Amino acid sequence: QILKMPVAHGDGRYFCSEEQLKDLEAKNQIVFRYCNSQGIVGDEFNPNGSKGEIAGIINERGNILGMMPHPERAMEKILEAHTEDGRLLFGSLEGVLK
């Protein structure tokens, strides 16, 4: 699924070795990548040069998420992203947090 999220950074980016990137991919730990509105991933859609266009990863247990985009800024259409896609991310945690 494609989510529209604000990016509020210009210098922060994810980096790792090629071996670490392969390991993250093999273990399905990359959960968000920068892409265009059609879901095409590529350098030209990566706002900060993050390795592998990575915008978010999880740990091996899947209970810790690190991400650069800001879903909290996409909760109401009146906010800067003009979308409510952030609600999808936070809403998915409802069952986890109970």
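Structural notes, computed from the coordinates. Counting restarts for each chain: residues are numbered from 1 in the order of the written sequence. In keeping with the predicted nature of the model, local features appear solely for residues at pLDDT of at least 70, side-chain atom pairs appear and are counted solely at 80 or more, and the whole-chain, interface and lining totals rest on all residues. Side-chain measures here rest on the full set of heavy atoms in the structure, leaving out hydrogens and waters.

### A look at the sheet that holds strand β3 (residues 65-67)
Strands in a sheet are paired, the pairing made by backbone hydrogen bonds, and the direction either parallel or antiparallel.
Inference 1: Here, a strand pair is defined by DSSP locating no fewer than two bridges between the strands. Helical segments are the DSSP runs of H or I of at least four residues, strand segments are the runs of E of at least two, and each set is numbered from the N terminus. Spatial ordering of the open sheet is given by β1-β2-β3, a layout of three strands whose pairing is antiparallel. In this open sheet, the two edge strands, each paired with only one partner strand, are β1 (30-33) and β3. For this sheet, the mean angle separating the axes of adjacent strands, direction not counted, is 15°.
Inference 2: As defined by bridge partners, β1 adjoins strand β2 (residues 54-58) across three bridges and the pair is classed as antiparallel. Note that in β2 the partner of Phe32 across the bridge is Gly56. Each axis is a line fitted through C-alpha atoms, taken for helices only over the stretch in contact, and angles between the N-to-C directions span 0 to 180 degrees.

### Points about the pairing of β2
Inference 1: Note on exposure labels: buried denotes an accessible area under 20% of the residue type's maximum, exposed denotes more than 50%, and partly exposed covers the range between, all computed with a 1.4 Å probe on protein chains only. Here β2 lies mainly inside the structure; four of its five residues are buried.
Inference 2: Both β2 and β3 contribute to a ladder of three bridges, which runs antiparallel. In the strand pairing of β3, Gly56 is matched with Met67.
Inference 3: Connecting β2 to the next strand, β3, in antiparallel fashion are six residues, including Gly62 with a positive phi near 80°.

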